[in-house]
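The residues making up each chain are set out below.
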Amino acid sequence: MPVCVLEERTAACKGRARAAPWRGDGRFPMIRSDPTAFLNREVYVRPSLRPTFLALVPVLTACAASAPTPQGGPEPAAVSAPASLPAAIPAPAPLPSGVAPSGEDPRIREIVAAVSPARLERDDRTLVGFQTRHTLSDTVSATRGIGASRRWLFAEFQRISQACGGCLEVMYVSDVVKGGSSPRIDHDVNIVDVVAVQRGRTDPDRYALMTAHYDSRVGDVMDSTSFAPGANDDGSGTVALLEAARALSRYQFDGTVVYAALAGEEQGLLGGEVLSRYVKQHGWRIEGVLNNDIIGNTSGVNGVTENSTARVFGPGIPVNAPEAELRRYLYSGGELDTPSRELMRYVDRVADSYVLNLDVRMIYRLDRFGRGGDHTPFFQQGFPAVRVTETNEEYTRQHQEVRTQNGIRYGDLPEGVDFPYLAKMTALNAATLASLAWAPASPDSVTITGALQPSATLRWRPVSAPDLAGYRVYWRDPESATWDHSRWVGNVTQATIDQVTIDNYFFGVAAVDREGHESRIVFPAPGRER
Ligand SMILES: [Zn+2]
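Residues numbered from 1 in each chain as written. Predicted model: local features only at pLDDT ≥ 70, side-chain atom pairs only at ≥ 80, totals over all residues.

**Student:** Could you give an account of the overall build of the chain, with specific residues and numbers?
**Tutor:** Check the secondary structure of the chain and you find ten helices and 17 strands. When the 530 residues of the chain are sorted by exposure, 44% land in the buried category. A separation threshold of at least 6 residues defines the contact pool for the chain, and within that pool the share at least 24 residues apart is 75%. (Helix = DSSP H or I, 4+ residues; strand = E, 2+ residues; numbered from the N terminus. Buried ≥ 20, exposed ≤ 12 C-beta atoms within 10 Å, placed from the backbone. Contact = placed C-beta atoms within 7 Å.)

Laid out in structure tokens, this is it:
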């Protein structure tokens, strides 16, 4: 029987099927006794050889058609496979059921693309139009002061909710702070946060929060009447809340997403205190708090102008941490791997995956030197919380009376906000919230053992999620800031990573759903050696 063999010429194929350098490359099945085998079988072709292979397909097909039908009798010995090779290469095995899900979701790319710089600018100019949003300013006027501005925010969230069939629960969360209880509060004042809740479908008691403060100020922190535009601090974060809600409210998530505009930040993180106490009292399981404060400026006092980086401040161990927690972190070298720092790494990874031309600078600090933000009260309540902010700040446009002095324009006006950059920062938040809210909860009670072993064993409690696919174990060199190595381990509650010594690497575990959404990674506590 004439045959066409790719690595030689035969009478039937002479001059047509040219030899191709396939032989000897163990990745390719040999086409020998049946020249049409490749037509109904998956054939692996090295990318560099694909054009050659495709050009040969019609030649081989014609060659097969010209081959006479076997009339019986033994096949010629010359074309039988060498003893060292199987006569027929089996088709690839079907993918095992525990195959690792892919980690990319095109819907998150849609969410990123939906964020609009024009809407952000329109909303920011509306906020600035209230003249001042100082916490002690007018609460009665319909056009001026913090009262008018929070009623506008409430109405905007309601408008967004109407567009998604009522998908947001919009509410005020408030508490009265007594005059004199803080140096920046001289009379009793109601601290009012505007909160929109997008309830999750399968795990509604698990929350991912985005926060920003809508109050503003000038140089004198007690001045509640002067023009305090606060376009960037923190109008930028506040309008990002609205725009993220617009982008995300077109989807349903497994967990709950919360957008919270906080008051009283400039008077001492009061709105953050109010909301963090509220969520503690209501037993919210918080996967992460992304606090956005000053996220729209790209031209810094340091002379640097750039629009391609963001800073994420990830705190370590709270000063009020219980001693047992302190021991656990310090004895296992876990001070770089607190839940807040894993949240920081999570944001960094989302940026790498979904937000083009925006790189996260991970900063292992609570906040900038001597300054604070509303993630702090959440962090102190024990929740994972980070500050998202621009990289290069311009202090002539923060907390300043609007004026021109010595030729310098002072004041926090919309002209100091780079709205395309603000759109990227908003997209970073939206993509992170979507990833967290679609993912299963983080694994609980993760432990590690492996002393005196050439391996590390991690154990955890199973995560309950209807679409859970399994878990991925991560590890990294302690010198690295990012989780550089991982292994899909399937739907199990324990995994041993061989040949990776517990002493030389840091480890973590994430839960993964069938679509590849991953939870925040959890750093293990020391387990009991068995
Ligand atoms: Zn601020």
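From this point, things continue past the structure.
**Student:** Tell me what's going on with unusual backbone geometry, and back it up with residues and numbers.
**Tutor:** Note the cis peptide between Asp-233 and Asp-234, where omega equals 0°. Assignment of secondary structure puts Asp-234 in the loop between strand S3 (203-213) and helix H5 (235-248). Unusually for a residue other than glycine, Ile-294 sits at a positive phi of about 65°. Positionally, Ile-294 belongs in the loop between strand S5 (285-292) and strand S6 (309-313).

**Student:** Got a sec to walk through the packing of helix H3 (residues 117-128) against helix H10 (residues 419-438)? Specific residues and values, please.
**Tutor:** Where H3 meets H10, the closest approach of the two axes is 8 Å, and the angle between their N-to-C directions is 105°. When the axes of H3 and H10 are compared, the pair comes out roughly perpendicular. Mapping the contact onto sequence places Pro-117, Leu-120 and Glu-121 in H3 and Phe-419, Pro-420, Leu-422, Ala-423 and Thr-426 in H10. Residues belonging to the contact of H3 with H10 are distributed by class as follows: six nonpolar, one polar and one charged. (Axes fitted to C-alpha atoms, helices over the stretch in contact; angles between N-to-C directions. Parallel < 35°, antiparallel > 145°, perpendicular 65-115°, else oblique. Nonpolar A, V, L, I, M, F, W, Y, C, P; charged D, E, K, R; others polar.)

**Student:** Tell me about the sheet that holds strand S11 (residues 444-449), and please be specific about residues and values.
**Tutor:** Taken in spatial order, the four strands make up an open sheet running S15-S12-S11-S17, and their pairing is mixed. Here the strands that pair on one side only, and so sit at the sheet edges, are strand S15 (494-498) and strand S17 (525-526). Where S11 lies against strand S12 (residues 455-461), four bridges are found, and the strand directions are antiparallel. Directly across from Asp-444, in S12, lies its bridge partner Arg-461. (Pairing = 2+ DSSP bridges.)

**Student:** Would you mind going over the nonpolar core in detail, with residue names and values included?
**Tutor:** Formed by 94 residues in total, the largest nonpolar core has its most connected members in Ala-244, Ala-245, Val-347, Ala-430, Ala-431, Leu-433 and Ala-434. It is H10 that contributes the most residues to this core, 13 residues altogether. Non-local contacts of Ala-434, meaning those with residues more than four positions away in its chain, are made with Ile-108, Ile-111, Leu-248 and Phe-253. Residues Val-473, Phe-507, Ala-510 and Ala-511 belong to the second largest nonpolar core, which totals 27 residues. (Core = buried A, V, L, I, M, F, W, Y, C linked by C-beta atoms within 7 Å.)

**Student:** I'd love a proper account of helix H2 (residues 106-114), names of residues and values included.
**Tutor:** Listed in full, the buried residues belonging to H2 are Ile-108, Ile-111 and Val-112. Take H2 and look down its axis: the buried residues cluster within an arc of 100°, on one side only. Facing away from the buried side of H2 by over 90 degrees, the exposed positions are Pro-106, Arg-107 and Ala-113. (Arc of directions from axis to C-beta.)

**Student:** Describe the sheet that holds strand S14 (residues 485-490), listing the residues and the values that go with them.
**Tutor:** With antiparallel pairing, the three strands of this open sheet are ordered in space as S14-S13-S16. Across the chains shown, the open sheet's two edge strands, defined by having one partner strand only, are S14 and strand S16 (506-513). Taking the axes of each pair of neighbouring strands and ignoring which way they run, one obtains an average angle of 25° across the sheet. Both strand S13 (residues 468-476) and S14 contribute to a ladder of five bridges, which runs antiparallel. Within the sheet, the bridge partner assigned to Trp-475 lies in S14 and is His-485.

**Student:** Account for H3, with residues named and values stated.
**Tutor:** Compared with an ideal rise of 1.5 Å per residue, which puts twelve residues at 16 Å, H3 spans 16 Å between its outermost C-alpha atoms and is within 8% of the ideal. On the buried face of H3, the contacting elements are helix H4 (146-163), H5 and H10. (Expected span 1.5 Å × (residues − 1).)

**Student:** Before we move on, can you summarise the packing of H3 against H5 with the specific residues and values?
**Tutor:** At a minimum axis distance of 9 Å, the contact between H3 and H5 shows a crossing angle of 125°. In terms of orientation, H3 and H5 fall into the oblique class. For the element pair H3 and H5, the recorded crossing hand is right-handed. Every residue of H5 that contacts H3 at Arg-119, Leu-120, Asp-123, Asp-124, Leu-127 and Val-128 is listed here: Gly-235, Ser-236, Thr-238, Val-239, Leu-242 and Glu-243. (Left-handed = near helix turned anticlockwise from the far one by under 90°.)

**Student:** Please give an account of the pairing of S5 that cites residues and values.
**Tutor:** Of all eight residues making up S5, seven are buried, and the element is well covered by its neighbours. In this sheet, S5 lies alongside S3 in parallel orientation, the contact comprising six bridges. When the bridges of S5 are listed, Leu-209 appears paired with Val-289.

**Student:** Give me the lowdown on the environment of Ala-208, citing residues and values where you can.
**Tutor:** Relative to the elements of secondary structure, Ala-208 occurs in strand S3. Between the C-alpha atoms of Ala-208 and Gly-288, which are 80 residues apart in sequence, the distance is 5.2 Å. Leave out the neighbours within four places in its chain, and Ala-208 touches Gly-255, Val-257, Glu-287, Gly-288, Leu-433, Leu-436 and Ala-437.

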